[in-house]
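Next come the chains, spelled out residue by residue.
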Amino acid sequence: MGKKIFSGVQPTGNLHLGNYLGAIKNFVKLSKDKNNECIFCVVDLHAITVSQDPKELRDNIRETVATFIASGIDPEKNIIFSQSKVSAHSEAAWILSCIARMGWLNRMTQFKEKAGKDKEKASIGLYSYPVLMAADILLYDTSHVPVGDDQKQHLELSRDIAQKFNNDFNVDDFFKVPEPLIQKEFSRIMSLKDGLKKMSKSEISDQSRVNLTDDKDQIINKIKKAKTDALPMPSSGEELSKRPEVKNLIGIYSSLTDLNFDEVIKEFSGKNFSDFKESLSQVLVDKITPISVEIKKLLQDSNYLDKILLDGSEKADKIASQKMKKIHEIIGF
Ligand code: TYM
């Protein structure tokens, strides 16, 4: 039987290799299986949990759609829409926030990281953000959610919320309990500057990531400058636990070529780091520059991108508003 797929990406600019290898690459693969029904959401309501410039936000929403399409998601066969245009997301988020417990949210590590030292000044939205994410997923009877490793905890929360709602109202299986789809071997792509830090849009140094809009020269330059260590290329997987930067680069290569870690290690064992970096740059350029060229092309036609969002939101709204109606009945509204 086919899967019901839902996933989201924040339109906060600088979509990067981590987003691609951790999530979007898998979206593309799942969307190509005719048995699956896929919905990909530009989560603009999530983006405003931190302050956004309205003009940039509008551009970034279009850029995220362009990235989906440029990466290989067919907008005719899959639903692509922005979250703010389907009001059921906000409504369900409120209702589910009355189901979720403070204790559950207090455990969310991403809030702790994002809020930093001054939690008192973080928005309430940043705190309750995983509840909105649960609303996104549960409104569509999603069976599977492809995400990077950093979203695992949020997905577990979605499962807890679904189960508590079903129990509280005695409605077995009303909300489908979603399964995460997280890459097995390499699900967290790290910064090119620090192998212990996640590759991230919000990192100030652009050298820390490969953006999906980077051109050939930028990619080559970033890989050349990517941090490594003084040792030669590893000859076994065991060495990697103490060499986070090297592990990350090998992981990127392995993910792009669909070879496993051991195969990559075997291919480069005993070789110079510069040889490996050259090969890595080559596979990155081959994979990323066509996407980057296509994103730039698509961005020239904002009417086309807006039309996709409009069509997508109509389709999504149909599904979500029906579910919302049933939620009202169950609750007693
Ligand atoms: P966001 O916008 O931060 O990231 C989008 C996707 O990219 C993955 N990702 C990574 N994967 C591996 N390594 C990295 N360095 C890396 N950085 C980002 C993320 O895991 C994610 O899959 N809350 C979500 C968006 C969201 C969502 C949803 C996802 C909202 N509602 C419902 C799934 C289902 C987020 O902020 O992703």
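Going by the structure above, here's the rest.
Residues numbered from 1 in each chain as written. Predicted model: local features only at pLDDT ≥ 70, side-chain atom pairs only at ≥ 80, totals over all residues. Heavy atoms only, no water.

Caption draft 1: Local environment of the overall build of the chain. On a plain count of helices and strands, the chain comes out with 13 helices and five strands. Relative to its length of 333 residues, the chain is compact, with a C-alpha radius of gyration of 21 Å against a globular reference of 20 Å. Looking at the chain residue by residue over its 333 residues, the buried ones come to 50%. Split by element, the accessible area of the chain, about 16700 Å² in all, is 50% carbon and sulfur. If the 49 positive side-chain charges of the chain are averaged to one point and the 48 negative ones to another, these points end up 1 Å apart. (Helix = DSSP H or I, 4+ residues; strand = E, 2+ residues; numbered from the N terminus. Rg over C-alpha atoms; globule rule 2.2 N^0.38 Å. Buried < 20%, exposed > 50% of the residue type's maximum accessible area, 1.4 Å probe, protein only. Areas by Shrake-Rupley, 256 points an atom, 1.4 Å probe, with all protein chains shown as cover. Lys, Arg positive; Asp, Glu negative; His and termini not counted. Charge placed at Lys NZ, Arg CZ, Asp CG, Glu CD.)

Caption draft 2: Molecular detail of empty space enclosed by the protein. Taken as a whole and judged by the stated rule, the model has one cavity of 30 Å³ or more. Along the walls of the largest cavity sit M108, Q110, F111, K114, L126, Y129, P130 and H154, which together make up its complete lining. At the level of elements, α6 (109-115) and α7 (124-138) are the ones that each hand at least two residues to the lining of the largest cavity. Among the residues making up the lining of the largest cavity, the classes are represented as five nonpolar, two polar and one charged. (1 Å grid on protein atoms, 1.4 Å probe; cavity = no way out; pocket = protein on both sides within 12 Å on 5 of 7 lines; lining within 4 Å. Points joined across faces, edges and corners; volume = space filled by probe spheres on them. Nonpolar A, V, L, I, M, F, W, Y, C, P; charged D, E, K, R; others polar.)

Caption draft 3: A look at the site of the ligand. Within the structure, the ligand sits among 27 residues, and Q10, Y129, D136, D150 and I189 are positioned closest to it. Within the side chain of Q151, an N or O atom sits 3.2 Å from a nitrogen atom of the ligand. Between M199 and the ligand, the recorded distance is 3.0 Å, taken from a backbone N or O atom to a nitrogen atom. Relative to its unbound accessible area of 710 Å², the ligand is 97% covered by the protein chains. Among the secondary structure elements, those contributing two or more residues to the shell around the ligand are β1 (4-9), α1 (17-32) and α7. Counted by class, the shell around the ligand contains eleven nonpolar, eleven polar and five charged residues. (Near = heavy atom within 4 Å. Polar contact = N/O pair within 3.5 Å; in protein donor to acceptor, adjacent residues only side chain to side chain.)

Caption draft 4: Fine view of α1. Residue A23 marks the point of greatest curvature in α1, where the axis turns by about 40 degrees. Across the 16 residues that make up α1, a large majority, 13, are buried. (Bend = angle between axes of the 7 residues up to and from the residue.)

Caption draft 5: Focus on the layout of surface pockets. In this structure, the largest pocket occupies an estimated 1200 Å³ of space. Along the wall of the largest pocket there are 48 residues; nearest its centre are Q10, K114, D150, K198 and K201. Those elements that place two or more of their residues in the lining of the largest pocket are β1, α1, α2 (44-47), α3 (54-71), α6, α7 and β4 (144-146). In terms of residue count, the dominant contributor to the lining of the largest pocket is α7 (five residues). Looking at side-chain class alone, the lining of the largest pocket contains 16 nonpolar, 20 polar and twelve charged residues.

Caption draft 6: Summary view of the packing of aromatic side chains. The full count for this structure, using the stated rule, is 15 aromatic pairs. Relative to F68, the ring of F40 has its centre 6.2 Å away and its plane inclined at 55 degrees; by these criteria the two rings are tilted. Here the residue F40 occupies a position in strand β2 (residues 37-42), and F68 occupies one in helix α3, the gap between them amounting to 28 residues. By relative accessible area, F40 is classed as buried at 0%. Ring geometry for F111 versus Y127: centroids 5.2 Å apart, planes at 80 degrees, classification edge-to-face. Here F111 is found in helix α6, whereas its partner Y127 is found in helix α7, with 16 residues between them in sequence. Comparing F111 with Y127, the two get one shared label, buried. (Phe/Tyr/Trp six-rings, centres within 6.5 Å; stacked < 30°, edge-to-face > 60°.)

Caption draft 7: Region of interest: the packing of helix α4 (residues 88-97) against helix α13 (residues 302-331). Remark: α4 packs on α13, axes separated minimally by 10 Å, with the N-to-C direction vectors making an angle of 30 degrees. Considered as vectors, α4 and α13 are oriented roughly parallel to each other. Like other packed secondary-structure pairs, α4 and α13 cross with a definite hand, here left-handed. Along its contact with α4, which presents A88, E91, A92 and I95, the element α13 presents A320, M324, I327, H328 and I331. Split by residue class, the contact of α4 with α13 holds seven nonpolar, one polar and one charged. (Axes fitted to C-alpha atoms, helices over the stretch in contact; angles between N-to-C directions. Parallel < 35°, antiparallel > 145°, perpendicular 65-115°, else oblique. Left-handed = near helix turned anticlockwise from the far one by under 90°. Contact = heavy atoms within 4.5 Å.)

Caption draft 8: Representation of the packing of α7 against helix α8 (residues 152-168). Where α7 meets α8, the closest approach of the two axes is 9 Å, and the angle between their N-to-C directions is 65 degrees. Classified by the angle between their axes, α7 and α8 sit roughly perpendicular to one another. For α7 against α8, the interelement crossing comes out right-handed. Where α7 abuts α8, its residues Y129, P130, V131, M133, A134, I137 and L138 lie against H154, L155, L157, S158, I161 and A162. Partitioned by chemical class, the residues of the contact of α7 with α8 number eleven nonpolar, two polar and no charged.

Keep in mind that these numbers describe shape and distance, not what the molecule does.
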